[in-house]
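What the coordinates show
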Amino acid sequence: MNQPKKKVGVFSITCDEGCSIYLIEIFNKKLVGWLEKMEIKYFLSMKDKVEIKDFDIVLIEGVISSERDLREVIKIRENTKILIAMGTCAMTAFPSGQRNNFNAEQLERIQPKLKEFSYLPKCLALKDAVTVDDNIPGCPIDEKKFIEVFEKHLNA
Ligand code: SF4
């Protein structure tokens, strides 16, 4: 019996979206085959926003830098079976996390901006806030590693 198609989402929080742009390159080579096993339920670069609900696999790129990012990541975690950190910034919180190492004077200077835009006191990697099932390193992502990790979950 055919397995139902996996519902996949690709989300971006604070970042330059370099990984999802690179992912489009990977899709150019692999998407046709993958679509036999999955449907893309959400990918901002390709589709309009949808409700965060009932995903099988979600890839998130970026750093949790604001309260909004944190809320979104928690909601995604509650609504996906597999959560994958896509790219080094999602895994480590850098480069945005450079401000985590600011000295007292630098921190005082950025306080008004943190408050104005509801930024968190520290930038967080995904694993600092939620359980992460897998990681795809690289800035942007390493193509071979993406295919290896993604196909592992797609075929599970
Ligand atoms: S890992 Fe690098 S390329 Fe990917 S979203 Fe983060 S900063 Fe951009």
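Scroll up to find the structure this text is about.
Within the protein, the regular secondary structure consists of six helices and seven strands. Taking 15 Å as the expected radius of gyration for a compact globule of 156 residues, we find that the protein reaches 16 Å, a close match to that expectation. On the principal axes, the C-alpha backbone points of the protein span a range of 60 × 30 × 25 Å. The buried share of the protein, taken over its 156 residues, is 40%. Taking the contacts inside the protein whose residues are at least 6 apart along the sequence as the reference set, 76% of them involve residues at least 24 apart. Per element, the accessible surface of the protein, about 9,100 Å² overall, is 52% carbon and sulfur.

Turning next to the sheet that holds strand E5 (residues 80-86). The strand order across the open sheet built from five strands is E2-E1-E3-E5-E7, with neighbouring strands paired in parallel fashion. Both edges of this open sheet fall to strand E2 (38-43) and strand E7 (134-136), since each of them pairs with a single strand only. Averaged over all neighbouring strand pairs, the angle between strand axes comes to 25 degrees, with direction disregarded. Strand direction decides the pairing type here: strand E1 (residues 6-12) and E2, joined by five bridges, are parallel. Opposite Gly9, over in E2, you have Tyr42 as the bridge partner. This element, helix H1 (residues 18-34), spans E1, E2, strand E3 (55-61) and E5 of the sheet and lies at about 160 degrees to E2. Packing of helix H2 (residues 67-78) onto the sheet brings it into contact with E1, E3 and E5, and relative to E5 it is tilted by some 135 degrees.

Turning our eyes to something else, we now look at the side chain of Asn79. Its place among the elements puts Asn79 in the loop between H2 and E5. Residue classification places Asn79 among the buried positions, given a relative accessible area of 19%. Once residues within four sequence positions are removed from consideration, Asn79 is found in contact with Ile52, Lys53, Asp54 and Phe55.

A word on the site of the ligand. The local shell around the ligand consists of Cys15, Asp16, Gly18, Cys19, Glu61, Gly87, Thr88, Cys89, Gly138, Cys139 and Pro140. One can see that the ligand is located within the second largest pocket. Every element with two or more residues in the shell around the ligand is listed here: H1 and helix H3 (88-92). Looking at the shell around the ligand residue by residue, the class counts come to five nonpolar, four polar and two charged.

Here we take up the nonpolar core. Formed by 22 residues in total, the largest nonpolar core has its most connected members in Leu23, Trp34, Met38, Phe146 and Phe150. Taken together, the elements giving at least two residues each to this core come down to E1, H1, E2, E3, E5 and helix H6 (143-154). It is H1 that provides the largest number of residues to this core, a total of six residues. What Phe146 contacts, discounting residues up to four positions off in sequence, is Leu23, Ile26, Trp34, Leu59, Met86, Ile136, Ile141 and Glu151. Grouped together as the second largest cluster of nonpolar side chains are 16 residues, Ile13, Val58, Ile76 and Val130 included.

So, how was this worked out
Residues numbered from 1 in each chain as written. Predicted model: local features only at pLDDT ≥ 70, side-chain atom pairs only at ≥ 80, totals over all residues. Heavy atoms only, no water. Helix = DSSP H or I, 4+ residues; strand = E, 2+ residues; numbered from the N terminus. Rg over C-alpha atoms; globule rule 2.2 N^0.38 Å. Buried < 20%, exposed > 50% of the residue type's maximum accessible area, 1.4 Å probe, protein only. Contact = heavy atoms within 4.5 Å. Areas by Shrake-Rupley, 256 points an atom, 1.4 Å probe, with all protein chains shown as cover. Pairing = 2+ DSSP bridges. Axes fitted to C-alpha atoms, helices over the stretch in contact; angles between N-to-C directions. Near = heavy atom within 4 Å. 1 Å grid on protein atoms, 1.4 Å probe; cavity = no way out; pocket = protein on both sides within 12 Å on 5 of 7 lines; lining within 4 Å. Sits in = over half its atoms within 2 Å of the grid points. Nonpolar A, V, L, I, M, F, W, Y, C, P; charged D, E, K, R; others polar. Core = buried A, V, L, I, M, F, W, Y, C linked by side-chain atoms within 4.5 Å.

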